[in-house]
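Residue strings, one per chain:
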Amino acid sequence: MEKKQQIVMSGIRPTGFLHLGNYFGALRNYVRMQDEFECYFMVADLHSLTTHPDTKQLKANVHRVLAENIASGIDPDKAALYCQSHIYETNELYLILNMLAYKGELEKTTTFKDKVRLQPENVNAGLLTYPVLQAADILLHRASLVPVGKDQEQHLEMARNFAKRFNHRYGEVFPEPQAFNYGLELIKVPSLDGSGKMSKSENQNATLYLADDDDTIVNKIKKAKTDSGPATPNAEKPDYIQNIFQLMRLVSSEEVIAKFEADFNSCNIRYGDMKKQLAEDMVAFIRPIREKVNAILSDEKYLAGIMELGAEKARKSAKATMEIVRESIGLKYY
Ligand code: TYM
């Protein structure tokens, strides 16, 4: 298929097992986009250093995210699948964009404020300039479409601002990148406990991971919060019930969803049955991905080859952009 003009870029931090939020917010879109566009997908290992992880685990975590990308359907021959730290040009663009990012706006970023609350002992400059590095990842390929979940909306707005400021100061180089989802809206996959979202590092008992075994999936869903059911027909659903329906919409068939919607609206819903059905559909969805991930992880040589191939493609695009960037700024003296 002839690919469209627009370029796609996105990334995932190797900070733990990937979950349904990562899948439906990001990966599912990646898989469709790789057939239509020139795509750059990476493992954001440098971003993960902002929270000072145990770096002995880094290699295994990077391998896992790569394997989870491939098992979800990314074809390393169609898309560039690479590791952020392998592309040194990112660091140069990050430095240049830092001159266009203001302390006040960085301090106001929601993710920064969250981290300040969560880890007051480690409010480092990398954390403050996290959105600048993310903008560098995207602009490095002059990408305009960025498949991400709802939580990344503000980072994308900042990337657009940095792109606009660069263009205004040095000449038109970058498109303004937009957050993208094939559905109409960006999504947030909720956690099973009715509060917050699924997450790699928090809320682990209420998050469904692509690595969870069948029993774990069933048990987590069994524990999801419900109540005794609605007292009046066509009632509004409480958040935690809405969440169960939302998860069902991700993995169950139209008929199944319609049945439970009707049961809810006529006050005949049996949440035990609903959770059993959801668990069954979830197991059927996650199991093949989990099994593929395990097979891929056992082949380190294959993963090394994928990383090399991806880095080669990403470097080519990065070098071309940086030539233009240096030239536009005037960093050429002979
Ligand atoms: P990260 O690693 O936190 O998450 C990876 C992707 O998964 C999406 N996501 C969700 N979507 C829906 N519901 C959820 N509960 C949920 N949780 C996570 C995220 O929106 C994201 O798309 N800063 C980025 C990584 C990054 C990046 C980039 C992304 C670095 N450079 C350049 C895009 C472009 C992050 O921490 O994602």
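Residues numbered from 1 in each chain as written. Predicted model: local features only at pLDDT ≥ 70, side-chain atom pairs only at ≥ 80, totals over all residues. Heavy atoms only, no water.

J.: What exactly am I supposed to notice about the packing of helix α8 (residues 130-139) against helix α9 (residues 153-170) here?
T.: Geometrically, a packed helix pair is captured by the angle between its two axes and the distance between the axes. Interaxial distance between α8 and α9 falls to 9 Å at its minimum, and their mutual angle equals 70°. With respect to each other, α8 and α9 are oriented roughly perpendicular. With respect to the hand of their crossing, α8 and α9 are arranged in right-handed fashion. Only H155, L156, M158, A159, F162 and A163 of α9 make contact with α8, whose side of the interface consists of Y130, P131, V132, Q134, A135, I138 and L139. Residue composition of the contact of α8 with α9, grouped by class: eleven nonpolar, two polar and no charged. (Axes fitted to C-alpha atoms, helices over the stretch in contact; angles between N-to-C directions. Helix = DSSP H or I, 4+ residues; strand = E, 2+ residues; numbered from the N terminus. Parallel < 35°, antiparallel > 145°, perpendicular 65-115°, else oblique. Left-handed = near helix turned anticlockwise from the far one by under 90°. Contact = heavy atoms within 4.5 Å. Nonpolar A, V, L, I, M, F, W, Y, C, P; charged D, E, K, R; others polar.)

J.: It is not clear to me how the domain arrangement of the chain should be interpreted in this structure. Could you clarify?
T.: The accessible area lost on association of the parts is a frequent measure of interface size. Assigned domains of the chain: these are domain 1 (7-180 + 299-329) and domain 2 (204-294). Computed over C-alpha atoms, the centres of domain 1 and domain 2 are 32 Å apart. Facing the twelve residues of domain 1 at the interface are 15 residues of domain 2. Carbon and sulfur atoms supply 78% of the area buried between domain 1 and domain 2, which totals about 1200 Å² over both sides. Together, L20, F24 and A71 form the three largest contributors to the area buried by domain 1 at its contact with domain 2, with a combined 46%. The tally of links between domain 1 and domain 2 comes to two residue pairs in polar contact (both at pLDDT 80 or more). The set of elements that each furnish at least two residues to the side of domain 1 that touches domain 2 consists of α1 (20-36) and α3 (58-71). A class-by-class count of the residues in the side of domain 1 that touches domain 2 yields eight nonpolar, two polar and two charged. (Domains from an automatic or database assignment. Buried area = accessible area lost by both parts, 1.4 Å probe. Polar contact = N/O pair within 3.5 Å; in protein donor to acceptor, adjacent residues only side chain to side chain.)

J.: Whenever I open this one, the site of the ligand confuses me. Can you help?
T.: If you check the shell around the ligand, you find 28 residues, and the closest are R13, D137, D151, V189 and K200. Q152 places a side-chain nitrogen or oxygen 3.2 Å from a nitrogen atom of the ligand. One nitrogen or oxygen atom from the main chain of M198 is found 3.2 Å from a nitrogen atom belonging to the ligand. Computed on the free molecule, the ligand has an accessible area of 710 Å², of which 98% lies beneath the protein chains in the complex. Assessed atom by atom at 2 Å from the grid points, the ligand resides in the largest pocket. Broken down by secondary-structure element, the contributors of at least two residues to the shell around the ligand are β1 (7-12), α1 and α8. Partitioning the shell around the ligand into residue classes produces twelve nonpolar, ten polar and six charged. (Near = heavy atom within 4 Å. Areas by Shrake-Rupley, 256 points an atom, 1.4 Å probe, with all protein chains shown as cover. 1 Å grid on protein atoms, 1.4 Å probe; cavity = no way out; pocket = protein on both sides within 12 Å on 5 of 7 lines; lining within 4 Å. Sits in = over half its atoms within 2 Å of the grid points.)

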